[in-house]
Structure formats: C-alpha cells, structure tokens
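Notes for the structure review
Here is what each chain is made of, one letter per residue.
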Protein chains: 2
Amino acid sequence: MDSRSPDPLVLFMPSGKRGRFPVGTPVLDAARQLGVYVESVCGGRATCGRCQIEVQEGNFAKHKIVSSLDHISARGAKEDRYDRVRGLPEGRRLSCSATILGDLVIDVPQDTVVNAQVVRKAATDRVIERNSAIQMCYVEVEQPDMHHPTGDLERLKAALEKDWGWKDLRVASHLIPEVQKILRKENWCVTAAIHKDMDFSRATLIALYPGLKNEAYGIACDIGSTTIAMHLVSLLSGRLVASSGTSNPQIRFGEDLMSRVSYVMMNPDGREAMTKAVREAVNGLIGKVCAEGGVSRDDIFDTVFVGNPIMHHLFLGIDPTELGQAPFALAVSGAVQGWAPEIGIEANRGARFYILPCIAGHVGADAAGATLSEGPHRQDRMMLLVDVGTNAEIVLGNSDRVVAASSPTGPAFEGAEISSGQRAAPGAIERVRIDPDTLEPKYRVIGVDKWSDEDGFEEAAAAVGVTGICGSAIIEVVAEMYLSGIISEDGVIDGALASRSPRILQNGRTFSYLLRDGEQRITVTQNDVRAIQLAKAALYAGVKLLMEKQGVETVDTIRFAGAFGSFIDPKYAMVLGLIPDCDLDEVKAVGNAAGTGALMALLNRNHRREIEQTVRRIEKIETALEPHFQQLFIDAMALPNKVDPFPKLSAAVKLPPRKTVSAEGVAGDATPRRRSREERAARRERG
Amino acid sequence: MDSRSPDPLVLFMPSGKRGRFPVGTPVLDAARQLGVYVESVCGGRATCGRCQIEVQEGNFAKHKIVSSLDHISARGAKEDRYDRVRGLPEGRRLSCSATILGDLVIDVPQDTVVNAQVVRKAATDRVIERNSAIQMCYVEVEQPDMHHPTGDLERLKAALEKDWGWKDLRVASHLIPEVQKILRKENWCVTAAIHKDMDFSRATLIALYPGLKNEAYGIACDIGSTTIAMHLVSLLSGRLVASSGTSNPQIRFGEDLMSRVSYVMMNPDGREAMTKAVREAVNGLIGKVCAEGGVSRDDIFDTVFVGNPIMHHLFLGIDPTELGQAPFALAVSGAVQGWAPEIGIEANRGARFYILPCIAGHVGADAAGATLSEGPHRQDRMMLLVDVGTNAEIVLGNSDRVVAASSPTGPAFEGAEISSGQRAAPGAIERVRIDPDTLEPKYRVIGVDKWSDEDGFEEAAAAVGVTGICGSAIIEVVAEMYLSGIISEDGVIDGALASRSPRILQNGRTFSYLLRDGEQRITVTQNDVRAIQLAKAALYAGVKLLMEKQGVETVDTIRFAGAFGSFIDPKYAMVLGLIPDCDLDEVKAVGNAAGTGALMALLNRNHRREIEQTVRRIEKIETALEPHFQQLFIDAMALPNKVDPFPKLSAAVKLPPRKTVSAEGVAGDATPRRRSREERAARRERG
C-alpha cells in the first residue's frame, strides 16, 4: 500500500453504511464501528460462524468503489479450520478473521430477515433490522486462585465485562447453583445468554452453557379471541423457523369477549380456568412450532405477546371484570415484562416475556402491535389502520399525531346474526357477483374450484354441499346488491324488482334476495342487510370521529389488519362504506399485523421503545363519551354514505344513481332504524 | 415574629443536626431537609403516627437555643383526631402537623433502635441509624377516567411518583393481578411497600395494601453450623420484637462442616436434603419469632442472612463440594439478593432476601457480618477480630487497610478431642482456679451455684453429676496449669511435681493433672494440653501472619466474636496465647457479631454498601499458600509464646518464670511436636 493514499473505503450492504478503516482492520470491527449489525457469539474466535459476510466484486461507480477479492485478506488458518469443522459456503468469509486490505463492498447476508409470509410488504416497505434483546456471548473464564478468592460467578462476570463490555450484570437466581458445574464442564469455556432489555439499563445473565452455544430462539405470539398465532425465529440470524396457529380454547367459556368476561363474573374460578386454558394453548403451540422447526423449547430465550385487552389480562392472570363495564379500566396499560415461567410459559427457565402496551380499555396490545407493524407514526401521509373483529380497533395518524378508538361493530362481519351466515369452511360461499341487468348471481364456494356459472360446478358443489355465506362473501353480496340496484343507498331491498326477477322474494313486509335455491335455500334478508349496515356504520362512524379529531376530510392510505381484512376485497369494503373514500390502490390488507408487530418487538428491542413511546403519544378517543358519535353512527348507515362523497371510489367503480326511498319509508323490524328515527327527532329538537 | 429577625433555629437530637427554617415549616419537612431520619407512612396526613417527636424545653446555652413549647404550633385538629383514634403519648407531637414558630430543640425518639441485648456496646459505641430497604408509602390514587385510559397500575405509579418521588418504579409480577381489587377496597387509598435496594438504583413495589398499612418487619439471621439465630425487628421503628435460636438440623448429616461437604459428595441428593433442612429450620424460626412478637409472617418484607461459606452455599442451594478442596472456590463471593420465595423463605410473597458477601473460601458472610458489626474499617486503631469455631476466622485492620484469613483450629476449643471434654451442659466444669502453692483446684460446675471449695458444693454437685469439662473451662484449666507452674511454656506437664502433689498423675511416659476425683475421674492429660496447644497455635499463627502483613508488632484492641468468645475469659485466652499481647481492657467478647452485622444490614441499607465495599477492599490471605505460616504455627505452640514478649499481659497477670524443659526433652506422642522437630531440622538446612 502507498502510505500516502487514504485508508480503504468500506461500504456495507444492505445498510449502505460506509467508512474508512486502516489496512488490517478485521471486517467485523469495521462493521461494529459503523453500527452495522453483524452477529457474533464467539467474540472473534472464528468458531461460531455467525459473522459471515460476502465481498461484492466490481466497480461501484456510484459509490466510487472498486471492490475486489484482492482487497480482503486471504483465508487464514482459523477460517480453514471453521470450514473443515462446520463448513463455510462458497464466497462466504468470517468477518472476525478477514481483514481489510483495500476498498470493499461487503454484503451482510440477511438470511430471511423476515420473510414475505410474515411481512407482506417487507420487500417494498422495510426490513426488520435485527437487534434482539438476547445476545449470546462466549467467554473463557479465569480459573479460581487461592490468592484471589473471588467466586466463580464473579470471575464469569469479569470475563463478560472484559470481552463483551457487560458491566454490573445481574444474574438470574436459578443460575447461581449451576454456575460451578457449567464452568468446569468445558474447561472454563462457556456461552452466556444475556438479556439486554429487562430494565432498559442493566443486562441480565439468563442462561449459561458449557462451550460454544450457537443457537438462540424467540417466539412472537398474537393471542386472539378466536385464534392464537405464533412465529418461531432464530434470534441470531433472524430466520423465521416456523409459524403456526391454534384455536383459542377459551372459546368453550364463551364465543366472544364479553361472554368470557361474563363467565369470569359468574364463576369463582372462571378467571383461573381461562388463564390456564390460554397458557396451555400457548405452550402447546410452542411445542408445535418447535417440533416443526426442529428446535428445543429450552433454546427459546425470549417471548413477545400481543392480544386485545381481555386476552392480555387473562393471559397475565388478571381478572378482566373491570374491562366489561365503564370506565373499562385496564389493570395495567404499559408494556409488561418478566420471567416467562412467572406466567406459565414453558421455554428456557431463564426466558423472558414482553407484552406490548395496551392503548386503551378496548384498544389493546394487538392494536399496538398492528401500529408498530404498519407504522402510521413513522410516515407523513395520513394512514388509517383498522382491525375488525367484534370490536373494530381504529388507528389514524401520521408522524405528527396519532389518534385511536374502538367501535362496537358487533359480530355481523364474522357471519353471526346473518340468516345464512357461517364460518369460512368448505361449503361456504366466499365470492359473489350479481349481474346488474339480470340480477342473476354467480358465486364461488370454498372447496369448489369453479364459479357457479361454469360447467361442472353443480357436480363439484354437490360433493361438498353449499351451506351458507362466510364473512367475506357477506360484504360482497351486500355490496353487489347495492351496485346492481337491488338495495338503495339506505339499505332497503327494492320490492318493486320482484316483478323483474324471481330472485327478489317477499317475506311479510320486507323482501330478500335469493342467492341460491336448492336443497338449502341461501338468501340475504332485509335483516341481514340491516345487520351489516349497523356493523359498518359503527366502523365508519369511529373512523369519521377520528378524522374529525385529526381535522382531515380524506385519508391517504388504508390498512386492513386481521383475518377479516385478509379475506375481503378492499373495493367491496369501500363500496359498502366500511372505510372512507381513498385510492383503491392504497387500500391494503396486511394480514396479522398485530403478530408482525410482536415479531418486530422480538427481533429488535428498539421497536419496544418505539411502540411504548408511540402508545403514550396516541390520543385515545372513547366513542361512548363523544356526544357526536351517535350522529356519526346514524349518518353512516347509508351505503356509500349519503353524507360523504366518495369521489375516488366513484371514479373507479360505477356506483348506481341515488334512489329516493326515504328512511322513514322503510318497512321492517330493523331496530337501528327505529333508533335512528328517534335520534333524528331528538336532533331536530336540539338543533 | 419580628420580620427582621432570622428564621428560627431548630436542633434535632440525638443526631445533632441543625438548621434555620421559616416560621410555619412542618417539623417533618425540616427533618427531611436536614437528612434527619423520621419515619412517615401516611405522607403527612397525620394518620400513621410514625413521625412522632418531642420538644425539649429549656435554655440550651451551648447551642444558643432557648427551646419552648410556645415555639411550636398548638395541637391542631389532625393531631386531636389521631389522639382520639390511636392515642398520642403525653408530650409527643406529630411532626407532619406541628409547625415551627420559634427556636426549638426536637427530640426524635429512637424507640429501642437496637437494644443492648443485640449490640452489647450500643450505648457506648454506636446507634444503628435506620434506613431500611423497605419504605411504606400511603397514597390516594386517581380513579380511572375514560378520557385518559391509563391502567390502574399506571395511576398507582403516578401517585407514588407524585407524593413520594418514586420514579420508574418496578412492580413485582405477582402484584399485577391483584392491583385492581386492592385499589377498590378502600376507595383508592392504598399503602405500597417499596423496596429500595434491589439493584441499587431502581425501587420496586413489592406489596400493596388497602388503606393505611402501618407495620413492616424484617428478620436478620445467622446460619451457623450448629445454631441458627434470628432477630425480628420492626423496620419502621427499629424495635427489636423478638430474638430466638434453634439448632441447625443439618447436624444429622455431619457434626462439622467438612463432614457435611463429604455427605454431599457421597450422596446424590445430599445437597438437596441439607438445603431443605436448613430452609425448614429458618422457616420454623421465623414462625417462632413471629409468634413471640405477635407478628404475621406476611408482614415480613425483608430478610438478611449471614453464614460461613458452606452454610451460605447450602442455604442458597449451591453444592459446596468445591469448598471442600483446593482451591476452595466459592460459587459466588459477592452479596446475593433476590426474592425470598426463590430460596424457600416463607414470608410476604414479595419479600426480599439479602446475603452478605463472603470474604474468601473459608472466611464467609458471617465474618463479613462480624466485620460490619465491629467495624475495624471504621476506626484508626488496629483491631483484631476473631471468630473461633472449627476454623478461626480472623480479621485485622483499621480504616487504612484490612486483612483477613482463616486458620484451621480444629475442634479442640469446642471440647472435642479432649479426654474429659463435653458440651456446655449441666454437670460440665465451666470455671477452674488452681492454687499455685498447693496445686489444688477449685471449680464451678454448670447447674451448681457454689464453687467446689464452698460448703454444700458436693451435695449440689451430686444432684447434677459432674461429668466433664466444657470448652471455656478447657482454656481456663490449661491456663491455670501454666500459671501455677504445672506445665512449662512448652506445654509439658512437669512430672517432677508428682512428688509434691497427688494431683499430678503418671500415665506411662507422660503425666496428667487430676482435676476431680470420684465416681468419674476428670483429668487433663498431656494429650489434652497438646490438642489445646495445636488449636491455639493455629489461631495465633493466623493472627501473627496478618500482623506481619500489616507490619505491626501489637494490636490496639481485640474482639472475640461467636459463642466461644462469649464464654471464655479474655485473660485466660491471652495467658494461653490464643491472642497477641494487648491491654486486657481492650479484649472484649462481642457475642454473635455476625448476627449483629446482619441486623445492621437489615436496618440500614447503607451498611450493605459499606460491607460490600469493605469486603472488596479486604486483602485475603490464604494461610496454606504462605510458606511462612508453618513456622509461625510451630513458634506459636509455646504458651505464652516464647517468641513474642507479652509485656501488657505480664503487667496485668503474674506469669511464671520461664522453664527450661526443652522441646526435644518432651516425652509423649504429641504429633505436632514431632512435626515441629522435623520442621526445625528442615529450617536449619534451609537457613
């Protein structure tokens, strides 16, 4: 090297961080100095193989770097040994051993940081940078010496401070009786599992292994009222090892949340039984993902959970009774963390748990997880994030300000209270189209490949039996009924069409639409439409309330989280007026965003601080306390809403012309209509 | 008040702290500003009654204060109410309510801070200032509000921060499911037990009670190999509620420490069985002191333990095998703390434990406790602190430097290996005097009021039966034998005296002294003298080694800790040469100093930091590694030591003239003599 030339320039990808380092600097040291995350367990001894990198060769003109294999030290004895013992893939180098000789572009392999299955938009939107709460640290400990009679534990701590910089480490109590044997098993060489997140300032030794321990796993879990979903990931590589789900066994105590709260109130040991049930299910699921991934549950050191407030409380062993009545007081709203065994989690004995904060009594850690995942607070555009269940949890905001509320949508979106409603299962209608001219429907059935108007459909359908309509199809069929002019924007089935189509049937004073005739008649009744209207009005009114709080007329982008959001077509959701007007391209289903948020908090503890700070900042709106909410609810009954223009939707979808059937003229027993009439009268008096 | 005059001057006793405060300042605030410790649970609401003070009236010329009852506000409604409900003793005031009107001398009653039974020298040496790790804090919590949906726990934490300044409180996990019910029981008024010592920086909420909880207790416990001793104290007043002891049930696994280590090595579940035994005994003792004091064990929030390294390890559930063999590695040498239930302590579920640090593999937390109690590091004079058992733990130092060692005295001081030795029990000779002219003894027997030469002794003695010599008397009889010329400074019983006295008996090649004839002959044999010589030589050699390390020829003051120290007469200990020459007034038995140290660490967490820092600073001397130790041991066989002059002892006690019986001339089978001869030969060769 010419001594007058500057130090070599090294660029790390994909982070893009760059810097100059003296010739001979190990690549790992350069990465650390730049804050590029490269894992290392063995502390630079070239034994763990975690610090692998690749050199990208070529002329990177944009970066003014010519990177070449000549610019990195030749493979030395340590890497050769590692290759012999454990195998080093072609092109890979150990960054602790390879040193910088000239300009380099270094690729830090991200394995599958978070793969597409988990974060649907990972490729376009973001990569979860790894910075988990667990660090594996290999050390060689000084042997005892009668001249300096410190304890074995103190010498272990001294080694961890010397090699890894851990000062004033705390030690999990259960390890104290184990330390001496573990230290002596592999000649005073051990790997310590360090947890860095416990109290944000001090780190804790939570597990200890003889020799080199090169594996560490974590789980991220979303405890839903119906389904519990779990991801198992390697905390060292970020690799998603397995994902699985199971139904929440608490269902036997009550289908929905409020019936579970009632069960606790009526049964002295109800809380205990439900806590036990959910913890057993979580442990069972841990067993399942571990079996799938070939991982021992003892190698799980960290666990992150999200759930709605009632699931959150029951999982923590807290009586949820207060959440069933005003003022809906959470026992604890902040993030909760502790030792996993304290809440019955079967993992490593020193494993920790972390539960994301709750936003409010009806907006739980699951909404916090979805917020973390979708990040309204991380961007400038106005983002609407909705997670629809029995309650809709609604978050609206951008980097300036975030507001949140929940709205009682009821169970209609889940197919309950719908005459032909059923769970999404073989035989359920899942897609519907109605011809606006003939009013004839076509549909698809779960378990049948063809549409109903295709040849061979009936044969195939006969095999599974067509039994009902699932949640997503209910949205579609009502929207299609509106688009084809069967119902007005007020939701009234137009009885006059009965003369034009045999699909319009009269039932006493109201009409219904015959979706399928046959052994089992599947119809959409006026009451069904009303139930959907009530549910969507609750959601839309909550959204509108938050838009008013934000002082915006439109939103820039919409995220549908949760299972419901995954199955419905955003177009139909908007046609029905569940959500406000928006470019259809900007309406996205993001799947289990709550679970993704849990995964982010598992893989990077900075995300824990991020969501804790964000939740503190979120303004919580209690719809029940907003005098305006009832009016918004009434106004939102129409589809799409009479009050609000939907210019973007209108541009994309041909909406029918407005009809003039007045609300007062609606026949039928729809309670909400009556309520709405009373409200309107009251409003006239007030106004 | 004349506005030009300075603010009133207030002097607090017994601390002597003083300061000026504006008229109207509550006395409690003044005390806090000066750092005078006045307890308060209710936070100034005049309900807990913990902050009582008294005004001293009179002209305190030395302090230039005229203190008068006119200088404090008249008793107000709050104090009247407290008096009606709970009673306020004559002259007492609640310092939270009473305000300063003029110059005052305020007496802060110390209750029985630590009474004389616990700290024998408390009256003269020190008072344990109270600053326990537990603080009881009464707060009134804001009720939940749907507009600000924070959790109940968060509002509790906010109240504790607002009223008491606790920032960033941690919460014991087991409380989280309890918080809501407790808050609602007494209308959102609760008392929180806060533990301040866990990680030295952050405080933790460990217990929570509805309404005002005005009691908090702690235990200090010394786990000895033979006896477990415990004190129960009020952490709020410092009052010693009860003290008790029990024998260590581990004795059934082995009399002495090494036999217990062997038991663990030989039995797979030996460690577990011994841990269980000692924990059960500790829990039994907690029950005993609680019953005695009328205290519920649920009201115990803090526990402090000391013990020798093997007791320390077994109590913590650590296998002590490593302590039974070089290099005598402690599993953990620093202070250990944690949740009391983690080590099986049955107290409040949120109670903590703290175990003092160990100094070295043979110098345990008990020696640390004794050091904390006697405080060589707190004063300028050279203090020798010895705790004699099977091992003598020796600490020597002053505020400049402290050194410590243990020395293997063996069991002779406890009466083992002595032909007529027995435990201190009725029938055991406990005091001995020998007439130097007639060589006739007189003695006292446990259970008999008279000396053996008094009228009626034999009748009384016959009732109990005289069966042997206990530990303290063994020291006395050998010392008296020396003072009366029966044995030389080399420890040889002078057979020539057999002609002068029938008390000198010949047994083969050696002689013995007949202490009592009768049904059961009680003699002191040449071997008995040898055993005592060996034991005292070990102790003295250890002391000498430390004196050499310190570079001193004499010590200024000596403390005998432990049961042995309590029963022996310091004069005889020095005549025998157990301890170096010193003013006899400066040799003091301090009883269970280890337990007193535990009590200090319980009552004042600053003492925890003090002993942790001191132990780190103590230089540990391993006698086995000191080539010089063997020679010191040999030299120390003589009584009082041939090598060292004992001028102070000589001035106080008439020592016999030196005899000329040479070591080589000694008959008998005394192994140490043979060893000593070999050593001397070796030394001559080396020299």
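Residues numbered from 1 in each chain as written. Chains lettered and ligands numbered in written order. Predicted model: local features only at pLDDT ≥ 70, side-chain atom pairs only at ≥ 80, totals over all residues. Heavy atoms only, no water.

**What to know about the overall build of chain A**
Short version of the rule: Every helix listed is a DSSP run of H or I at least four residues long, and every strand listed is a run of E at least two residues long, numbered separately from the N terminus. Each residue's exposure class comes from its accessible area (1.4 Å probe, protein chains only) as a fraction of the maximum for that residue type: buried when under 20%, exposed when over 50%, partly exposed otherwise. Contact between two residues is taken to exist if any of their heavy atoms lie within 4.5 Å; hydrogens are not considered. To be clear on the numbers: accessible area is Shrake-Rupley with a 1.4 Å probe, and residue cover counts the displayed protein chains and nothing else. All tallies of charge rest on Lys and Arg as positive and Asp and Glu as negative; His and the ends of each chain are not included. Positions of charges follow a simple convention, taking NZ of Lys, CZ of Arg, CG of Asp or CD of Glu.
In terms of helices and strands, chain A carries 19 helices and 29 strands. On the principal axes, the C-alpha backbone points of chain A span a range of 100 × 65 × 60 Å. Of all 687 residues assigned to chain A, the portion counted as buried reaches 60%. When contacts within chain A are restricted to residue pairs at least 6 apart in sequence, those whose partners lie at least 24 apart make up 68%. For chain A, the accessible surface area stands at approximately 27100 Å², while carbon and sulfur atoms represent 48% of it. Both charge centroids of chain A, one from 81 positive and one from 89 negative side chains, sit 2 Å from each other.

**Notes on the packing of helix α6 (residues 257-266) of chain A against helix α7 (residues 270-293) of chain A**
Residues and elements named next belong to chain A. Convention followed: Lines fitted to C-alpha atoms define the axes here, with helix axes fitted over just the stretch in contact, and angles between the N-to-C directions of these axes take values from 0 to 180 degrees. Here is the rule for angles: anything less than 35 degrees is roughly parallel, anything more than 145 is roughly antiparallel, 65 through 115 is roughly perpendicular, and the remaining ranges are oblique. Three residue categories are used. Nonpolar comprises Ala, Val, Leu, Ile, Met, Phe, Trp, Tyr, Cys and Pro, charged comprises Asp, Glu, Lys and Arg, and polar comprises the others, including Gly.
Axis separation between α6 and α7 bottoms out at 7 Å; the angle between their running directions is 130°. Taken together, the axes of α6 and α7 lie oblique to each other. Within the contact between the two elements, α6 uses Arg260, Tyr263 and Val264 and α7 uses Gly270, Arg271 and Met274. Partitioned by chemical class, the residues of the contact of α6 with α7 number 3 nonpolar, 1 polar and 2 charged.

**Examining the pattern of salt bridges**
Heads up, the rule is: We define a salt bridge as a contact between a side-chain nitrogen of Lys or Arg and a carboxyl oxygen of Asp or Glu at a distance within 4 Å.
This model, assessed by the stated rule, comprises 60 salt bridges over all chains. Of the charged contacts in the structure, one is a salt bridge between aspartate 168 of chain B and arginine 202 of chain B, with a shortest N-O distance of 3.3 Å. One end of the pair, aspartate 168 of chain B, is in the loop between α4 (152-164) and β9 (170-171); the other, arginine 202 of chain B, is in the loop between β10 (189-195) and β11 (204-210), with 34 residues separating them in the sequence. Overall, arginine 202 of chain B belongs to the buried group, its relative accessible area being 14%. A network of salt bridges, in which partner residues are shared, links Arg45, Glu140, Lys162 and Asp163 of chain A.

**Focus on the packing of helix α9 (residues 365-374) of chain A against helix α16 (residues 606-617) of chain A**
All names here are of chain A. Here is the rule: For a crossing to be left-handed, the near helix must be turned anticlockwise from the far one by less than a right angle; the clockwise case is right-handed.
Viewed as axis vectors pointing N to C, α9 and α16 meet at an angle of 115°, and their least axial separation amounts to 10 Å. Put simply, α9 runs roughly perpendicular to α16. Like other packed secondary-structure pairs, α9 and α16 cross with a definite hand, here right-handed. Here α9 contributes Ala368, Thr371 and Leu372 to the contact with α16, which in turn contributes His607, Glu610, Ile611, Thr614 and Val615. Here the contact of α9 with α16 is composed, by residue class, of 4 nonpolar, 3 polar and 1 charged.

**Observations regarding the sheet that holds strand β17 (residues 352-355) of chain B**
All names here are of chain B. Put simply, the rule is: DSSP-based pairing: two strands are paired if at least 2 bridges between them are found.
Ordered in space as β14-β13-β12-β15-β17-β16, the 6 strands form an open sheet in which the pairing is mixed. Across the chains shown, the open sheet's two edge strands, defined by having one partner strand only, are β14 (240-247) and β16 (336-339). Pairwise comparison of adjacent strand axes, ignoring direction, gives a mean angle of 15° for this sheet. Taken strand by strand, helix α9 (residues 365-374) contacts β12 (217-223) and β15 (300-307), and its axis lies near 105° from that of β15. Strand contacts of helix α15 (residues 593-603): β12, β13 (227-234), β15 and β17, with the helix running at about 150° to β12, the strand carrying the most contacts.

**Quick word on the side chain of arginine 516 of chain A**
All names here are of chain A. Worth spelling out the cut-off: Nitrogen and oxygen atoms within 3.5 Å of one another constitute a polar contact, given that in protein one can donate a hydrogen and the other can accept it, and given that sequence-neighbouring residues count only through two side-chain atoms.
For arginine 516, the position within the fold is in strand β25 (residues 510-516). Owing to a relative accessible area of 13%, arginine 516 belongs among the buried residues under this scheme. There is a polar contact of 3.1 Å between the side chain of arginine 516 and the side chain of tyrosine 443.

**Overview of the relation of the copies chain A and chain B**
Filter applied, for reference: When the copies are superposed, the least-squares fit draws on C-alpha atoms of residues that have pLDDT of at least 70 in both.
With an axial shift of 0.1 Å and an RMSD of 0.2 Å, the rotation relating chain A to chain B amounts to 180°. Viewed as a symmetry operation, the transformation between the two copies matches a two-fold axis. Both copies share a contact surface, since 100% of the interface residues of chain A are interface residues in chain B too.

**Topic: the interface of chain A and chain B**
Rule in force here: Accessible area that two parts lose when put together, evaluated with a 1.4 Å probe and summed over both, is termed the buried area.
Each partner contributes to the interface: chain A provides 41 residues, whereas chain B provides 41 residues. For the pair chain A and chain B, the two sides together bury roughly 3500 Å², of which 57% comes from carbon and sulfur. Summed over the three residues of chain A that lose the most area to chain B, namely Met146, Pro149 and Gln180 of chain A, the buried surface amounts to 19% of that side. Here chain A and chain B share 4 salt bridges between them. Where arginine 184 of chain A meets glutamate 322 of chain B, a salt bridge forms, and the shortest distance between an N and an O atom there is 3.0 Å. Summed over the shared surface of chain A and chain B, the number is 20 residue pairs in polar contact (both at pLDDT 80 or more).

**Considerations on the side chain of serine 40 of chain A**
Residues and elements named next belong to chain A. Note on placement: serine 40 falls in the loop between α1 (27-34) and β3 (52-56). The buried category is assigned to serine 40, whose relative accessible area is 3%. Only 3.4 Å separates the side chain of serine 40 from the backbone nitrogen of glycine 43, close enough to count as a polar contact. The contacts of serine 40, once residues within four sequence positions are left out, are Leu28, Arg32, Cys48, Arg50, Met136 and Trp164.

**Some points on α9 of chain A**
Residue and element names in this part refer to chain A. Of all 10 residues making up α9, 10 are buried, and the element is well covered by its neighbours. Listed in full, the buried residues belonging to α9 are Ala365, Asp366, Ala367, Ala368, Gly369, Ala370, Thr371, Leu372, Ser373 and Glu374. Two residues or fewer past α9, glycine 375 is found with a positive phi of approximately 65°.

**A short note on the pairing of strand β21 (residues 428-434) of chain B**
All names here are of chain B. As judged from the 2 bridges shared by β21 and strand β23 (residues 468-469), these two strands associate in the parallel manner. Note that in β23 the partner of alanine 428 across the bridge is glycine 468. Bridge count for β21 against strand β22 (residues 441-445) is 5 bridges, and the pairing is antiparallel. Among the inter-strand pairings, arginine 433 is bridged to a residue of β22, identified as lysine 442. Linking β21 to β22, which pair antiparallel, is a turn of 6 residues; within it leucine 439 sits at a positive phi near 65°.

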